[in-house]
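Single-letter residue listing:
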Amino acid sequence: MRLENKVAIITGGANGIGLAACERFAEEGASVIMADFDEAAGKEQEALLKSKELDVTFLQVDVVDRQSVSNLVEETVKKFGKIDVLINNAGITQDATLLKMKPEQFQDVLNVNLTGVFNCTQTVVPYMLENGTGKIINTSSVSGVYGNFGQTNYAATKAAVVGMTKTWAKEFGRKGINVNAVAPGFTATAMVEKMPRKVIDQMKAAVSLQRLGKPRDIANAYLFLASEESDYVHGHVLHVDGGIMM
Ligand code: NAI
(Lines give C-alpha, C1' and ligand atoms only; values in the text may rest on other atoms or scores of the structure.)
Protein backbone atom coordinates (compact mmCIF):
# COMPACT_ATOMS: atom_id res chain seq x y z
CA MET A 1 0.00 0.00 0.00
CA ARG A 2 1.58 3.24 -1.13
CA LEU A 3 -0.68 5.69 0.73
CA GLU A 4 -1.47 3.89 3.96
CA ASN A 5 -2.68 6.28 6.73
CA LYS A 6 -2.60 9.22 4.33
CA VAL A 7 -5.46 11.71 4.00
CA ALA A 8 -5.94 13.14 0.51
CA ILE A 9 -8.27 15.86 -0.78
CA ILE A 10 -8.92 15.52 -4.52
CA THR A 11 -10.80 18.46 -6.04
CA GLY A 12 -12.94 17.72 -9.07
CA GLY A 13 -13.04 14.17 -7.73
CA ALA A 14 -16.56 13.27 -8.84
CA ASN A 15 -15.81 12.83 -12.56
CA GLY A 16 -13.10 11.99 -15.07
CA ILE A 17 -9.48 12.10 -13.96
CA GLY A 18 -10.31 13.14 -10.38
CA LEU A 19 -12.68 10.21 -9.97
CA ALA A 20 -10.03 7.77 -11.23
CA ALA A 21 -7.63 9.33 -8.72
CA CYS A 22 -10.11 8.90 -5.83
CA GLU A 23 -10.36 5.20 -6.64
CA ARG A 24 -6.63 4.71 -7.22
CA PHE A 25 -5.65 6.54 -4.00
CA ALA A 26 -8.18 4.62 -1.90
CA GLU A 27 -6.96 1.33 -3.43
CA GLU A 28 -3.53 2.27 -2.08
CA GLY A 29 -4.86 2.77 1.44
CA ALA A 30 -5.60 6.51 1.56
CA SER A 31 -8.63 8.11 3.18
CA VAL A 32 -9.91 10.19 0.29
CA ILE A 33 -12.05 13.31 0.28
CA MET A 34 -13.78 13.55 -3.09
CA ALA A 35 -14.29 17.33 -3.22
CA ASP A 36 -16.53 18.49 -6.04
CA PHE A 37 -19.21 20.95 -7.07
CA ASP A 38 -21.26 18.19 -8.72
CA GLU A 39 -23.30 16.75 -5.87
CA ALA A 40 -25.26 14.23 -7.94
CA ALA A 41 -22.17 12.58 -9.43
CA GLY A 42 -20.31 12.90 -6.12
CA LYS A 43 -22.96 11.08 -4.10
CA GLU A 44 -23.38 8.39 -6.75
CA GLN A 45 -19.63 7.75 -7.08
CA GLU A 46 -19.07 7.88 -3.32
CA ALA A 47 -21.65 5.08 -2.88
CA LEU A 48 -20.08 3.05 -5.69
CA LEU A 49 -16.57 3.30 -4.25
CA LYS A 50 -17.78 2.61 -0.72
CA SER A 51 -19.46 -0.56 -2.05
CA LYS A 52 -15.95 -1.66 -3.09
CA GLU A 53 -14.84 -1.12 0.54
CA LEU A 54 -12.85 1.98 -0.40
CA ASP A 55 -12.51 4.85 2.08
CA VAL A 56 -13.92 7.73 0.01
CA THR A 57 -16.06 10.58 1.38
CA PHE A 58 -17.81 13.10 -0.87
CA LEU A 59 -17.85 16.71 0.30
CA GLN A 60 -19.39 19.39 -1.87
CA VAL A 61 -17.19 22.39 -2.60
CA ASP A 62 -17.00 25.29 -4.98
CA VAL A 63 -13.28 25.96 -5.26
CA VAL A 64 -14.02 29.53 -6.34
CA ASP A 65 -15.75 30.32 -3.04
CA ARG A 66 -13.36 30.92 -0.11
CA GLN A 67 -15.96 30.03 2.52
CA SER A 68 -16.83 26.79 0.78
CA VAL A 69 -13.12 25.85 0.61
CA SER A 70 -12.68 26.69 4.32
CA ASN A 71 -15.64 24.47 5.18
CA LEU A 72 -14.16 21.61 3.14
CA VAL A 73 -10.77 21.86 4.81
CA GLU A 74 -12.21 22.24 8.32
CA GLU A 75 -14.51 19.24 7.83
CA THR A 76 -11.61 17.14 6.55
CA VAL A 77 -9.42 18.01 9.54
CA LYS A 78 -12.32 17.41 11.92
CA LYS A 79 -12.91 13.95 10.45
CA PHE A 80 -9.31 12.80 9.92
CA GLY A 81 -7.14 15.15 12.02
CA LYS A 82 -4.78 16.09 9.18
CA ILE A 83 -4.30 16.57 5.43
CA ASP A 84 -1.33 14.85 3.76
CA VAL A 85 -2.13 15.37 0.08
CA LEU A 86 -3.96 18.02 -1.93
CA ILE A 87 -4.66 17.36 -5.60
CA ASN A 88 -5.81 20.59 -7.29
CA ASN A 89 -7.57 18.77 -10.11
CA ALA A 90 -10.89 20.68 -10.54
CA GLY A 91 -10.96 22.48 -13.87
CA ILE A 92 -13.28 23.68 -16.62
CA THR A 93 -13.09 24.74 -20.26
CA GLN A 94 -15.11 27.36 -22.12
CA ASP A 95 -13.51 27.35 -25.54
CA ALA A 96 -13.69 30.07 -28.20
CA THR A 97 -11.13 31.66 -30.49
CA LEU A 98 -9.74 34.95 -29.19
CA LEU A 99 -12.01 37.24 -31.23
CA LYS A 100 -15.14 35.31 -30.23
CA MET A 101 -14.31 34.82 -26.55
CA LYS A 102 -16.62 36.74 -24.22
CA PRO A 103 -15.02 38.42 -21.19
CA GLU A 104 -17.22 36.25 -18.93
CA GLN A 105 -15.88 33.10 -20.59
CA PHE A 106 -12.35 34.29 -19.95
CA GLN A 107 -13.09 35.15 -16.33
CA ASP A 108 -15.09 32.00 -15.48
CA VAL A 109 -12.19 29.77 -16.50
CA LEU A 110 -9.71 31.91 -14.56
CA ASN A 111 -11.94 31.71 -11.50
CA VAL A 112 -12.02 27.92 -11.35
CA ASN A 113 -8.66 26.88 -12.83
CA LEU A 114 -6.52 29.59 -11.29
CA THR A 115 -8.22 31.25 -8.30
CA GLY A 116 -9.60 27.84 -7.26
CA VAL A 117 -6.08 26.41 -7.06
CA PHE A 118 -4.92 29.45 -5.08
CA ASN A 119 -7.90 29.19 -2.69
CA CYS A 120 -7.45 25.48 -1.97
CA THR A 121 -3.69 25.62 -1.55
CA GLN A 122 -3.71 28.70 0.67
CA THR A 123 -6.31 27.10 2.92
CA VAL A 124 -4.66 23.67 3.16
CA VAL A 125 -1.00 24.68 3.55
CA PRO A 126 -1.25 25.87 7.20
CA TYR A 127 -2.34 22.35 8.21
CA MET A 128 0.57 20.81 6.30
CA LEU A 129 2.97 23.27 7.94
CA GLU A 130 1.69 22.20 11.35
CA ASN A 131 2.70 18.61 10.52
CA GLY A 132 5.94 19.60 8.73
CA THR A 133 4.99 17.42 5.76
CA GLY A 134 2.65 17.38 2.77
CA LYS A 135 2.28 16.86 -0.96
CA ILE A 136 0.60 19.33 -3.27
CA ILE A 137 -0.08 18.33 -6.86
CA ASN A 138 -1.47 20.84 -9.34
CA THR A 139 -3.05 19.98 -12.66
CA SER A 140 -1.64 21.82 -15.64
CA SER A 141 -2.18 20.68 -19.25
CA VAL A 142 -0.44 20.28 -22.58
CA SER A 143 -2.51 23.34 -23.56
CA GLY A 144 -0.65 25.41 -20.96
CA VAL A 145 2.72 24.16 -22.19
CA TYR A 146 2.18 24.41 -25.98
CA GLY A 147 -0.97 26.57 -26.33
CA ASN A 148 -4.10 25.25 -28.01
CA PHE A 149 -6.45 26.61 -30.66
CA GLY A 150 -9.57 28.13 -29.04
CA GLN A 151 -8.19 28.00 -25.50
CA THR A 152 -6.87 31.48 -24.67
CA ASN A 153 -8.49 31.33 -21.22
CA TYR A 154 -7.71 27.69 -20.46
CA ALA A 155 -4.11 27.77 -21.73
CA ALA A 156 -3.45 30.93 -19.70
CA THR A 157 -4.61 29.24 -16.50
CA LYS A 158 -2.70 26.03 -17.15
CA ALA A 159 0.54 27.95 -17.83
CA ALA A 160 -0.07 29.97 -14.67
CA VAL A 161 -0.42 26.76 -12.67
CA VAL A 162 3.16 25.90 -13.65
CA GLY A 163 4.35 29.27 -12.34
CA MET A 164 2.48 28.78 -9.06
CA THR A 165 3.84 25.24 -8.69
CA LYS A 166 7.44 26.39 -9.00
CA THR A 167 6.86 29.37 -6.71
CA TRP A 168 5.29 27.22 -3.99
CA ALA A 169 8.07 24.65 -4.40
CA LYS A 170 10.52 27.44 -3.58
CA GLU A 171 8.44 28.73 -0.66
CA PHE A 172 7.59 25.42 1.00
CA GLY A 173 10.36 22.94 0.11
CA ARG A 174 12.37 23.89 3.19
CA LYS A 175 9.25 23.33 5.30
CA GLY A 176 8.78 19.71 4.22
CA ILE A 177 6.08 20.22 1.60
CA ASN A 178 6.58 18.77 -1.88
CA VAL A 179 4.93 20.72 -4.70
CA ASN A 180 4.69 19.36 -8.24
CA ALA A 181 2.36 19.47 -11.24
CA VAL A 182 1.06 17.01 -13.79
CA ALA A 183 0.46 18.17 -17.35
CA PRO A 184 -1.97 15.66 -18.86
CA GLY A 185 -2.36 15.24 -22.58
CA PHE A 186 -5.77 14.76 -24.14
CA THR A 187 -7.59 12.34 -21.88
CA ALA A 188 -10.89 10.53 -22.48
CA THR A 189 -13.21 12.39 -20.08
CA ALA A 190 -16.30 14.58 -20.49
CA MET A 191 -14.00 17.56 -21.04
CA VAL A 192 -12.63 16.07 -24.27
CA GLU A 193 -15.69 14.08 -25.29
CA LYS A 194 -17.68 17.31 -25.77
CA MET A 195 -15.30 18.28 -28.59
CA PRO A 196 -16.19 17.49 -32.25
CA ARG A 197 -15.24 13.95 -33.38
CA LYS A 198 -12.94 15.38 -36.08
CA VAL A 199 -10.92 17.31 -33.48
CA ILE A 200 -10.64 14.22 -31.26
CA ASP A 201 -9.35 12.17 -34.23
CA GLN A 202 -6.78 14.88 -34.97
CA MET A 203 -5.66 14.80 -31.33
CA LYS A 204 -5.19 11.03 -31.41
CA ALA A 205 -3.17 11.27 -34.61
CA ALA A 206 -0.84 13.83 -33.01
CA VAL A 207 -0.02 11.50 -30.12
CA SER A 208 2.96 9.16 -30.56
CA LEU A 209 1.05 6.38 -28.78
CA GLN A 210 -1.92 7.06 -31.14
CA ARG A 211 -4.56 7.10 -28.40
CA LEU A 212 -6.11 9.44 -25.87
CA GLY A 213 -5.02 9.10 -22.26
CA LYS A 214 -7.21 7.13 -19.88
CA PRO A 215 -8.18 8.84 -16.61
CA ARG A 216 -6.22 6.12 -14.77
CA ASP A 217 -3.04 7.04 -16.71
CA ILE A 218 -3.17 10.48 -15.11
CA ALA A 219 -4.31 9.15 -11.72
CA ASN A 220 -1.19 6.96 -11.63
CA ALA A 221 1.00 10.04 -12.09
CA TYR A 222 -0.84 11.79 -9.24
CA LEU A 223 -0.27 8.66 -7.17
CA PHE A 224 3.47 8.66 -7.81
CA LEU A 225 3.71 12.33 -6.84
CA ALA A 226 1.59 11.76 -3.72
CA SER A 227 3.62 8.77 -2.54
CA GLU A 228 6.99 8.73 -0.82
CA GLU A 229 8.51 7.34 -4.05
CA SER A 230 8.63 10.94 -5.29
CA ASP A 231 10.05 12.52 -2.12
CA TYR A 232 13.00 14.01 -4.04
CA VAL A 233 10.89 15.21 -6.99
CA HIS A 234 10.14 18.87 -6.39
CA GLY A 235 8.95 21.81 -8.50
CA HIS A 236 8.55 19.40 -11.40
CA VAL A 237 5.95 19.33 -14.18
CA LEU A 238 5.34 15.71 -15.14
CA HIS A 239 4.04 15.42 -18.70
CA VAL A 240 1.67 12.48 -19.10
CA ASP A 241 0.63 12.88 -22.71
CA GLY A 242 1.54 9.79 -24.74
CA GLY A 243 4.32 11.79 -26.36
CA ILE A 244 2.16 14.44 -28.00
CA MET A 245 5.06 16.79 -28.70
CA MET A 246 8.71 16.04 -28.17
P1 NAI B 1 -14.06 16.68 -15.96
O2 NAI B 1 -14.88 17.75 -16.56
O3 NAI B 1 -14.37 15.26 -16.27
O4 NAI B 1 -14.02 16.84 -14.36
C5 NAI B 1 -13.78 18.06 -13.76
C6 NAI B 1 -14.44 18.05 -12.40
O7 NAI B 1 -14.21 19.34 -11.79
C8 NAI B 1 -15.95 17.85 -12.45
O9 NAI B 1 -16.32 16.82 -11.56
C10 NAI B 1 -16.52 19.18 -12.03
O11 NAI B 1 -17.75 19.09 -11.33
C12 NAI B 1 -15.42 19.71 -11.12
N13 NAI B 1 -15.50 21.15 -10.95
C14 NAI B 1 -15.66 22.08 -11.93
N15 NAI B 1 -15.76 23.30 -11.37
C16 NAI B 1 -15.63 23.14 -10.02
C17 NAI B 1 -15.67 24.03 -8.92
N18 NAI B 1 -15.86 25.34 -9.09
N19 NAI B 1 -15.51 23.52 -7.69
C20 NAI B 1 -15.35 22.20 -7.50
N21 NAI B 1 -15.32 21.30 -8.51
C22 NAI B 1 -15.48 21.78 -9.75
O23 NAI B 1 -12.55 17.04 -16.35
P24 NAI B 1 -11.25 16.14 -16.45
O25 NAI B 1 -10.98 15.91 -17.88
O26 NAI B 1 -11.32 15.01 -15.53
O27 NAI B 1 -10.15 17.20 -15.95
C28 NAI B 1 -9.53 17.14 -14.68
C29 NAI B 1 -8.37 18.12 -14.69
O30 NAI B 1 -7.43 17.72 -15.70
C31 NAI B 1 -8.76 19.54 -15.04
O32 NAI B 1 -7.99 20.45 -14.28
C33 NAI B 1 -8.40 19.66 -16.50
O34 NAI B 1 -8.17 20.98 -16.88
C35 NAI B 1 -7.16 18.81 -16.55
N36 NAI B 1 -6.82 18.32 -17.87
C37 NAI B 1 -7.70 17.52 -18.56
C38 NAI B 1 -7.37 17.07 -19.82
C39 NAI B 1 -8.25 16.21 -20.63
O40 NAI B 1 -7.93 15.98 -21.80
N41 NAI B 1 -9.36 15.69 -20.11
C42 NAI B 1 -6.08 17.44 -20.45
C43 NAI B 1 -5.23 18.25 -19.62
C44 NAI B 1 -5.61 18.68 -18.39
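## Considerations on unusual backbone geometry
A positive phi angle, close to 65°, is found at asparagine 5, a residue other than glycine. Its place among the elements puts asparagine 5 in the segment before β1 (7–11). Of note, the phi angle at glutamate 53 is positive, near 65°, even though the residue is not glycine.

## As for the site of the ligand
Among the 27 residues in the neighbourhood of the ligand, the closest are listed as Asp36, Asn89, Tyr154, Thr187 and Thr189. Between the ligand and aspartate 36, the relevant distance is 2.6 Å, taken from an oxygen atom to a side-chain nitrogen or oxygen of the residue. Computed on the free molecule, the ligand has an accessible area of 820 Å², of which 92% lies beneath the protein chains in the complex. Put simply, the parts of the chain that give the shell around the ligand at least two residues each are α1 (16–27), α6 (152–172) and α7 (190–193).

## Quick word on the pairing of strand β3 (residues 56–60)
Of all five residues in β3, four are buried, a share of seventy percent or more. Judged from the five bridges that link them, strand β2 (residues 31–36) and β3 form a sheet pairing that is parallel. Note that in β3 the partner of valine 32 across the bridge is valine 56.

## Focus on the environment of arginine 2
One can find arginine 2 in the segment before β1. Judged by relative accessible area, arginine 2 falls into the partly exposed class, the value being 30%. In this structure the C-alpha to C-alpha distance between arginine 2 and leucine 223, which are 221 residues apart in sequence, comes to 8.3 Å. Within the structure, the side chain of arginine 2 is placed 2.8 Å from the side chain of glutamate 229, a separation counted as a polar contact.

## Some details on α6
Residues spaced three or four apart along an α-helix point in a common direction, a consequence of the helix completing one turn every 3.6 residues. Taking 1.5 Å of rise per residue, 21 residues should cover 30 Å, and α6 covers 30 Å from first to last C-alpha, within 8% of that figure. Listed in full, the buried residues belonging to α6 are Asn153, Tyr154, Ala155, Thr157, Lys158, Val161, Val162, Met164, Thr165, Trp168, Ala169 and Phe172. Elements in contact with the buried residues of α6: α4 (103–131), β5 (134–139), α5 (142–146), β6 (177–184), α7 and β7 (237–240).

Rules used throughout
Residues numbered from 1 in each chain as written. Predicted model: local features only at pLDDT ≥ 70, side-chain atom pairs only at ≥ 80, totals over all residues. Heavy atoms only, no water. Helix = DSSP H or I, 4+ residues; strand = E, 2+ residues; numbered from the N terminus. Near = heavy atom within 4 Å. Polar contact = N/O pair within 3.5 Å; in protein donor to acceptor, adjacent residues only side chain to side chain. Areas by Shrake-Rupley, 256 points an atom, 1.4 Å probe, with all protein chains shown as cover. Buried < 20%, exposed > 50% of the residue type's maximum accessible area, 1.4 Å probe, protein only. Pairing = 2+ DSSP bridges. Expected span 1.5 Å × (residues − 1). Contact = heavy atoms within 4.5 Å.

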